[in-house]
Amino acid sequence: MLTPCSLWPAFVPVHVPSRKAYIGIQNMGTLYTRRFEADRIGSQVPLKLMHLEGLYELFVTKFAFSNMDLSMHLFQVNLKMKLTYRTLPYDEDSDVQEPEGGITEAGGSPKSKHHNRKPWDDDCPWSEWYSAEDPVKGFELLTAWSEKAIESSLEMAELENASPLEAEKWSISPCLSEILSADSDGKRIGFASQLQLLIDALLMSLETQFVEDFVSVEHSRPENLKSTAVIPPPTVLDRVLKDLFYEVEAAQPDSAEGDHKYSRTIKGAPLESLFGQFCLHALWVGDCNIRAIAAFWIEFVREVRWCWEESQPLPRMPANGVIDLSTCLINQKLHMLAICMDRKHQFNQKGPKADENGVFLSARIKADTEVQSVISSQDGDAQASCWECDSLSTPDQDPASHFSSFEHSGAVKLGDPEHSPCIRRGSAGVIGSMMLLKSYQNMHAPFTQDSPLMTEDMHEERLQAIEALGDSSRFSAQLEKDILSSDMSAFKAANPDAVFEDFIRWHSPRDWENDDNMEKGVSQINAVVESTYDWPPRGKLSERMSEHGNLWRKIWNEAPPLSASEQKPLLDPNQEGEKVLHYLETLRPYQLLEQMVSTAFRATADTLNKTSFGGLKQMTTRIEQLYLTMSTTLRCLQTNSISVDAEDIKDLKRLCTTFAHVENLITLAASLHRKFMQAPRLSESIFNDYDNFHVPKLGTVSIGRDVKKVFNNEQEVRQGEREVIASMFTPPTANQLWRKVLSMGNLLNGHEPASREIIFTKRDHLCENYYVGHAPRGYQQEFETYRMYICGTSNDLGVALAVTSCD
């Protein structure tokens, strides 16, 4: 029994529990008490109660104690109403019309409507690899009418015919797919699920030494390798290899174009590169088990060798440029092979870039920085031999203007027969006003060979050799002797009367010291460009170049005067190409899988990064965080030795979980962007709310499983956005009209409300004697005596009545 001081209502269930019927009472602290009564009609709702007019009359009967015609009397009743509309699910959305006449391709039966419907993510970047379920199954639109006075059932009938566009307030909330919930972990097929399988394959790769062991019947496979790990049939591998090597667009886009700014921090292969595409295909070949990957890799290497032996260009790889040491070693090797194949092909075809000896040339406008930086370390000054391009010209001149002519491998007799009858060969043109010290001839820049390219392991081998021999500076020069000797030979051929000092003035001008009393701040240009009226220039070699036994002078004395076209190539494409193929054919399984994991994470992230999701700043932040997390976690795979342990595998698994969440967010952002292209504020607000809802769960092992809340945030729709939202409710087709009974009114483009909430109230004026306590004289208050809450649909109606009475 309630005490007079208790103001909380008490409820008691009545009838069967499924009916959800209750009665209750509340002490209001006055002479009045409030009684409650609630009931529910679960089916066969009377037709009269499906309309606002009938609901109004139901409420009036609670206080009009007569059998009079309620429609003919006026009762002051206040009304609040909220209608909820739901867009049709994707599979029930607008039915696609069949082709006219029922004629289809190949003369078969007409296609079903599901076959004609275009997938929602057909043009998304991930659609090439998998089809994602639309995370937004639909929307709920809530339209609310503010309180208004109703005096007759006729007004209710008019209100039932009113358009939802007349409602004072609109709000919308998304109906998200269960695939986004925490309980669906592992059920979605996407990049994250395949990366999980790839990490399992990485763990298996540590148990054998040869890739062939996973596919050979002569070798026993690891004991814990599941029998379900099958090798894809040859037809599948042939189809994938065809896509990799032959179905390539003629104009290859720049592999770095459009990549994220943090993408290069991950030591993998670019997305559009050959190995990058190999890793993406490997995620979907078979079930991404180690045996399927091994079979795919063996066929891949065979195809690469076929391209080499048949002199076919290596697809998806540039045949020029500098090898990017920030990528994985396999990508570097494939780049090296592509360059070797191109030079080999040009040598066979005697193309324009190679001469008859297969030597690739370049005009030496400035010193080779790679050679100079290594050799100049003899005196501890790493920058002493750096020669910038403007060292041969004044600041106002173009370096190319110094060359009066380009006489590639042409034999030119010296202009002044008094000096020398020698023949000039391999000249690229005169270098400004620089003159030879002994003959007073113009100095010519020679054509020189391109420096040989090196991959990361080749650099490491040289560094190891330097550390083993101890004398790093002298051994560095010895390693670069071939390059330096080639430059000296070319310089001698282009300048037959040149001496060692002339070569130093051209190749390493900072090793030529002028005797003039000039300030230290004088520019390098004035130091190397002499005046014809001050001859010979006063100067001398630097201390390191003039010391006894200088290696440069020894190489100069031994270098024959041969133009670059007459020299032995610095890079032997046949030898280097075979080395690359040997590396690919003998690669250890763990080395392959480590590089595949890094490349697969980078390539999948780069693929998702191409998704168009509008100006969602929080999505951009999530992607940046993902790249930084991947860069940190994948560092354990950047060594060439077996370094992956159990803790690293756990970190990689956690990275897959983080990747899955970002993948879900990108899919959601893309779906919202497509649906709200004309109302971007709504898509951003919905996404930010969803992202903030899941932020506390990210990074935990059991993400969200201990959280019972469901994301159901509502966003207010502004007046200018209502037309965009209304367009989402496409008019129902004839088939949908047949299936649904339109009986509740307030239609939105032919859609009836999915549910309706109505509050009827009736108020009376109460004077001071209604209160237990003392009230001021003449005090009056409008008091709610009757209140009815109605909620439900045409098939499920719940009614709750509250009556205030004096006991």
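Definitions and limits used
Residues numbered from 1 in each chain as written. Predicted model: local features only at pLDDT ≥ 70, side-chain atom pairs only at ≥ 80, totals over all residues. Heavy atoms only, no water. Helix = DSSP H or I, 4+ residues; strand = E, 2+ residues; numbered from the N terminus. Contact = heavy atoms within 4.5 Å. Areas by Shrake-Rupley, 256 points an atom, 1.4 Å probe, with all protein chains shown as cover. Buried < 20%, exposed > 50% of the residue type's maximum accessible area, 1.4 Å probe, protein only. Polar contact = N/O pair within 3.5 Å; in protein donor to acceptor, adjacent residues only side chain to side chain. Pairing = 2+ DSSP bridges. Core = buried A, V, L, I, M, F, W, Y, C linked by side-chain atoms within 4.5 Å. Expected span 1.5 Å × (residues − 1). Salt bridge = Lys/Arg side-chain N within 4 Å of Asp/Glu carboxyl O. Axes fitted to C-alpha atoms, helices over the stretch in contact; angles between N-to-C directions. Parallel < 35°, antiparallel > 145°, perpendicular 65-115°, else oblique. Nonpolar A, V, L, I, M, F, W, Y, C, P; charged D, E, K, R; others polar. Phe/Tyr/Trp six-rings, centres within 6.5 Å; stacked < 30°, edge-to-face > 60°. Lys NZ or Arg CZ within 6 Å of the ring centre and 35° of its normal. Arc of directions from axis to C-beta. Disulfide = S-S within 2.5 Å. Left-handed = near helix turned anticlockwise from the far one by under 90°. pLDDT = per-residue confidence, 0-100.

What follows is about the overall build of the chain. Each helix and strand counted, the chain has 23 helices and 17 strands in total. Long-range contacts, defined as pairs at least 24 residues apart, comprise 72% of the intrachain contacts of the chain with a sequence gap of at least 6. For the chain, the accessible area works out to roughly 40,900 Å², and carbon and sulfur atoms hold 52% of it.

Once that is clear, we can look at the environment of R544. For R544, the position within the fold is in helix α15 (residues 543-546). For R544, a relative accessible area of 7% corresponds to the buried category. Within the structure, the side chain of R544 is placed 2.7 Å from the side chain of D511, a separation counted as a polar contact.

The subject of this paragraph is the pairing of strand β10 (residues 427-435). β10 sits mainly inside the fold: 7 of its 9 residues count as buried. Remark: 6 residues form the turn of the hairpin made by β10 and strand β11 (residues 442-449), two consecutive strands paired antiparallel; Y440 in that turn has positive phi of roughly 55 degrees.

Secondary-structure assignment places S205 in helix α4 (residues 191-205). Reaching out from S205, the side chain makes a polar contact with the backbone oxygen of L202 at a distance of 2.6 Å. Ignoring any residue separated from it by four or fewer positions in sequence, one finds S205 in contact with F214, I290, P589, Y590 and L593.

This part takes up the nonpolar core. If you look at the biggest cluster of nonpolar residues, it comprises 148 residues, and the most contacted ones within it are F275, W297, F300, L314 and F760. A total of 13 residues in this core trace back to one element, the largest contributor, which is helix α7 (residues 290-309). In contact with L314, not counting residues within four places along its chain, are F245, L274, V304, C307, L334, L337, A338 and M341. By size, the runner-up hydrophobic cluster in this structure holds 23 residues, among which are L484, F491, F503 and I504.

As for its position among the elements, E168 is in the loop between α3 (153-160) and β6 (169-176). Owing to a relative accessible area of 44%, E168 belongs among the partly exposed residues under this scheme. Taking the C-alpha atoms as reference, E168 lies 9.5 Å from Q719; in sequence the two are 551 residues apart. Leave out the neighbours within four places in its chain, and E168 touches A144, W145, S146 and R722. At a separation of 3.2 Å, a polar atom in the side chain of E168 contacts the main-chain amide nitrogen of S146.

Attention now goes to unusual backbone geometry. For K20, which is not glycine, the phi torsion reads 55 degrees and is therefore positive. Inspection of the secondary structure puts K20 in the loop between β1 (10-14) and β2 (21-27). Overall, the relative accessible area of 53% leaves K20 in the exposed class. A positive phi angle, close to 50 degrees, is found at N746, a residue other than glycine. Among the secondary structure elements, N746 is positioned in the loop between α23 (734-739) and β15 (755-767). With relative accessibility at 2%, the residue N746 sits in the buried group.

Once that is clear, we can look at helix α18 (residues 589-609). Its 21 residues place the ends of α18 30 Å apart at the C-alpha level, agreeing with the 30 Å of an ideal helix rising 1.5 Å per residue. For α18, the tally of buried residues reaches 21 of 21 residues, placing the bulk of the element in the interior.

Taken as a whole and judged by the stated rule, the model has 31 salt bridges. Residues joined in a network through salt bridges with shared partners are R305, E309, E578 and E585.

Now for the packing of α7 against helix α17 (residues 573-585). At a closest axis distance of 10 Å, the pairing of α7 and α17 adopts a crossing angle of 170 degrees. Looking at the two axes, α7 sits roughly antiparallel to α17. Note on element contacts: α17 touches α7 through P573, N574, G577, E578, L581, L584 and E585, opposite W297, V301, V304, R305 and W308. Of the residues contributing to the contact of α7 with α17, the split by class is 7 nonpolar, 2 polar and 3 charged.

This brings us to the packing of aromatic side chains. Scanning the model with the defined rule gives 26 aromatic pairs in all. Relative to F278, the ring of F275 lies with its centre 5.8 Å away and its plane at 15 degrees, an arrangement referred to as stacked. One end of the pair is F275 and the other is F278, both in helix α6 (residues 274-282) and 3 residues apart, which spans about a single turn. Exposure class is identical for F275 and F278. Each is buried. Ring geometry for F275 against W297: centres 6.4 Å apart, planes inclined by 85 degrees, an arrangement best described as edge-to-face. Residue F275 is found in helix α6, and its partner W297 is found in helix α7; the two are separated by 22 residues along the sequence. Cluster of aromatic residues (ring-pair linked, three or more members): F245, F275, F278, F296, W297 and F300. Sitting over the ring of W556, K492 keeps its end group 4.6 Å from the ring centre. Geometry around W552 places R544 over its ring, the cationic atom sitting 5.8 Å from the centre.

Before going further, it helps to examine α17. Over its 13 residues, α17 runs 18 Å from end to end, which matches the ideal 18 Å to within 8%, given 1.5 Å per residue. Taken as a whole, α17 has its buried residues at P573, E576, G577, V580, L581, Y583 and L584. The arc that holds every buried residue of α17, seen down its axis, measures 155 degrees, which confines them to one face. The N-cap residue of α17 is D572: its side-chain oxygen and the backbone nitrogen of N574 are 3.2 Å apart.

Quick look at the side chain of N289 now. With respect to the helices and strands, N289 occurs in the loop between α6 and α7. Looking at N289, its side chain comes within polar contact range of the main-chain oxygen of V230, at 3.3 Å. Within the local environment of N289, its side chain forms a polar contact with the backbone nitrogen of A292, the two atoms lying 2.9 Å apart. Residues contacting N289, with those up to four places away along its chain left out, are A201, A229 and V230.

It is worth spelling out the environment of Q591 at this point. Examined against the element boundaries, Q591 turns out to sit in helix α18. Sequence separation between Q591 and Q209 is 382 residues, and the spatial gap between their C-alpha atoms is 9.9 Å.

So, on to the pairing of β11. The buried fraction of β11 amounts to 7 of the 8 residues, a majority that puts the element mostly inside the structure. As paired strands, β10 and β11 are joined by 3 bridges and run antiparallel to one another. Bridged to M435 within β11 is N442.

As a further point, take the state of the cysteines. Scanning the model with the defined rule gives 0 disulfides in all. Unpaired in this structure, C279 has its nearest cysteine sulfur neighbour in C328, at a distance of 7.0 Å.

Close contact between helix α1 (residues 52-60) and α3 brings their axes to 8 Å; oriented N to C, the two are set at 145 degrees. As for how α1 packs across α3, the hand of that crossing is right-handed. Residue-level contacts link L52, E53, Y56 and E57 of α1 to S153, M156, A157, L159 and E160 of α3. Along the lines of polarity and charge, the residues of the contact of α1 with α3 split into 5 nonpolar, 1 polar and 3 charged.

Per-residue confidence for the chain averages 78 on the pLDDT scale, and 72% of its residues sit at or above 70. pLDDT under 50 marks residues 351-356. Its contacts with residues more than four places away, or in other chains, come to 11 contacts. Note on residues 698-708: pLDDT under 50 across the span, and 12 contacts to partners over four residues away in sequence or across chains.

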